[in-house]
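Observations on the model geometry
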Amino acid sequence: MFIRAKAKKNKTSSKIYYTHELVESVRTEKGPRQHILLSLDPFDLDKKYWKQLAKRIEELLNGQKRILHLDDHIEALAQHYAKLLISKKMAEKNEFTENEADFHMVDVNAISSTEGKSVGPEHVGVQAMVQLGFFKLFKELGFNKTTMELATLLIVGRLIHPSSEWELKRFAEEESGLDDILGTDFSRISKHALYNTSDILFEHKEQIEQFIREYSKQLLGLGESIILYDLTNTYFEGNVPFYQKAKRGKSKEKRNDRPLVTLGIVLDEQGFLKTSRIFEGNVSESKTLLDMVNEVHKQAQGQHPPLPLEKPTVVIDAGIATEDNLANLKSEGFSYIVVSRSKPHELPTPEFVEIKEGIKVHSFHQGDELFLHCLSEAKSKKENAMVNKAREKMEKELSYLREGLGIKRRLKRYDKVLEKIGRLRQQYSRVSPGFDIQVTADGQNAVDIIWEFDKERLGKPYNGSYFLRTDRTDLADEQIWSIYIMLTVVEDAFRCLKDELGLRPNFHQKPERIEGHLFITVLAYHLLHYIRYRLNETGLFHRWKTIRSWLSTHRIMTTSLPTEAGKVIHIRHCTTPTFKQQEIYSAMHITSESVRKRKIITSQK
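Calculation notes
Residues numbered from 1 in each chain as written. Predicted model: local features only at pLDDT ≥ 70, side-chain atom pairs only at ≥ 80, totals over all residues. Heavy atoms only, no water. Pairing = 2+ DSSP bridges. Helix = DSSP H or I, 4+ residues; strand = E, 2+ residues; numbered from the N terminus. Axes fitted to C-alpha atoms, helices over the stretch in contact; angles between N-to-C directions. Contact = heavy atoms within 4.5 Å. Buried < 20%, exposed > 50% of the residue type's maximum accessible area, 1.4 Å probe, protein only. Parallel < 35°, antiparallel > 145°, perpendicular 65-115°, else oblique. Left-handed = near helix turned anticlockwise from the far one by under 90°. Nonpolar A, V, L, I, M, F, W, Y, C, P; charged D, E, K, R; others polar. Arc of directions from axis to C-beta.

**What to know about the sheet that holds strand β9 (residues 335-339)**
Strand order across the open sheet formed by nine strands is β7-β6-β5-β8-β9-β15-β12-β11-β10, with mixed pairing between neighbours. Taken across any chain shown, the strands that pair with only one partner, and hence form the sheet edges, are β7 (273-280) and β10 (353-356). Within the sheet, the average angular offset between the axes of one strand and its neighbour, ignoring direction, is 25°. By the bridge criterion, eight bridges tie strand β5 (residues 226-235) to strand β6 (residues 260-267) in an arrangement that is antiparallel. Bridge pairing in β6 links Asn233 to Thr262. Lying on the sheet, helix α11 (residues 323-331) is in contact with β8 (313-316), β9 and β15 (465-470); it crosses β9 at an angle near 160°.

Shown next as structure tokens:
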């Protein structure tokens, strides 16, 4: 086995350039011949190291240990080319037959496993794309094979390894078995390939969102009479001077020192994506609500079939449910279900009915609206835990302040003690109204502090109580509550986008790259929500982070077995899935075999 350089002339410029090939000599009936094993380009290794590289590749193919000490760069090249050669041979000639027994005498002390990579999360991600029709869509959009593979890497990569494009490139080359699943090679992705593919995806944003909306609806029988709406923002690490939507605003990550851009998404009542839109970083939900609702409604009405209702119901939280917004929705003919921002006037005597374990409701009319008074045991426990924790902290501070009145160099002046108590009331505003605090003075100094706490004096009852407000008087109490609870899907969606899918921060500078990064995150969310939807159907309600961790131990590797006959059997195979992994695959209705076994046999020399 040796490396050969071949001179070629450029037809347009007459310039000479060289290609490099890995070659082996073989005996034939017509005499010795040279057989090209692999093209090595791009190849820039100094010629004096070619013999060492070829020798090391041969050792790896034959399962031999390294004999000579080699430079790390040469070793890395040898590992890379050996992997490519084995993969090529496996693709050309697969000698593995599942139902046939194949016995060999092997040297168990020389067995080795290499190229171990993750395939569990990748398998689930790719199969979710298959089931959601992504590859059918890519063909309709005219994507070639390479573009489809890189688009899959971007979307599935954001799902399983949220990161920048540069980090995703490294992950695909070194850690992920996604290329094994797709039957391609990500070992050397070109410098700008992922950026260019991101641009292509964003260019087709409207067609892609339209397709996945229609396909998901048909696949899962989704309704579209309810719209869930919310916004989130992401900050930039740089100043992005050329991106007009980057504005300073109120950051949900408390990063008001950085420029922001805002992402709005609209979901249906099951949490599936309807549309997304990118706004300036200083916009608020109250300003964009009607624009977004009208946009998704316009898109939906232009499709076949259109929305089942002439105007859908919009579900929003209290932060957006201003009187102006509700009036605007009504003027456009939309219905709404919201949390009331204030307690209704003339509250009737409640007659609660339990609609679900731990949930009681009482409905009543005021004007043309229906109010639903809700009591939640879980919410009550949470609220009381927060009140008790805040009360304990404030009492601890008060005790420390009182003890200091008799200790040298601690706060004693009456006016300063009152000032400190005022700051404590501000810090613990949730429980401050319940405290009656008396400070006894002797001259300019305070000599005692006593207090009482009465929960009844708090500004609101912490009993898990809240009010829903709607103009949908045709709905039953349980329907109204169930529809509103689906708004937690939006909150969970954004938590996934931010915490699990790498929405923040954004490192890009070019406008198209910034918006492409956000759009890929939205597509990854669509995959994620579909996966969780399927898992939830079978009673698996774990977070994606947990699911991803369980799947990550499902690996693919190449095992090399030196035989007594002087050959080496190379088998590319997956590890046996664990019970949890099998459970996830079954819930997704996919096979546990993400990649079929492949085998080649090489001869030791």
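**Section: the pairing of β7**
Burial of β7 is extensive: six of the eight residues sit out of reach of the surface. Of the pairings in the sheet, the one linking β6 to β7 comprises seven bridges and is antiparallel in character. Note that in β7 the partner of Ile265 across the bridge is Ser276. Once β6 ends, the chain turns through five residues before running back antiparallel as β7, passing Gly271 with a positive phi of about 90°.

**Things to note about the packing of helix α3 (residues 120-131) against helix α5 (residues 145-160)**
At a minimum axis distance of 10 Å, the contact between α3 and α5 shows a crossing angle of 125°. It follows that α3 is oblique to α5 by the angle criterion. For the crossing formed where α3 meets α5, the hand is right-handed. Contact residues: α3 offers Pro121, Glu122, Gly125, Val126 and Met129, while α5 offers Thr152, Ile155, Val156, Leu159 and Ile160. Taken together, the residues that form the contact of α3 with α5 break down as seven nonpolar, two polar and one charged.

**Overview of helix α14 (residues 477-485)**
Burial in α14 covers these residues: Ile480, Trp481, Ile483 and Tyr484. The arc that holds every buried residue of α14, seen down its axis, measures 165°, which confines them to one face.

**A short note on the sheet that holds strand β18 (residues 598-603)**
Pairing is antiparallel across the open sheet formed by four strands, whose spatial order is β4-β16-β17-β18. Taken across any chain shown, the strands that pair with only one partner, and hence form the sheet edges, are β4 (112-118) and β18. Neighbour to neighbour, the strand axes of the sheet diverge by 15° on average, direction disregarded. Here strand β16 (residues 555-562) runs beside strand β17 (residues 567-574); their pairing, made up of seven bridges, is antiparallel. Bridged to Thr558 within β17 is Arg572.

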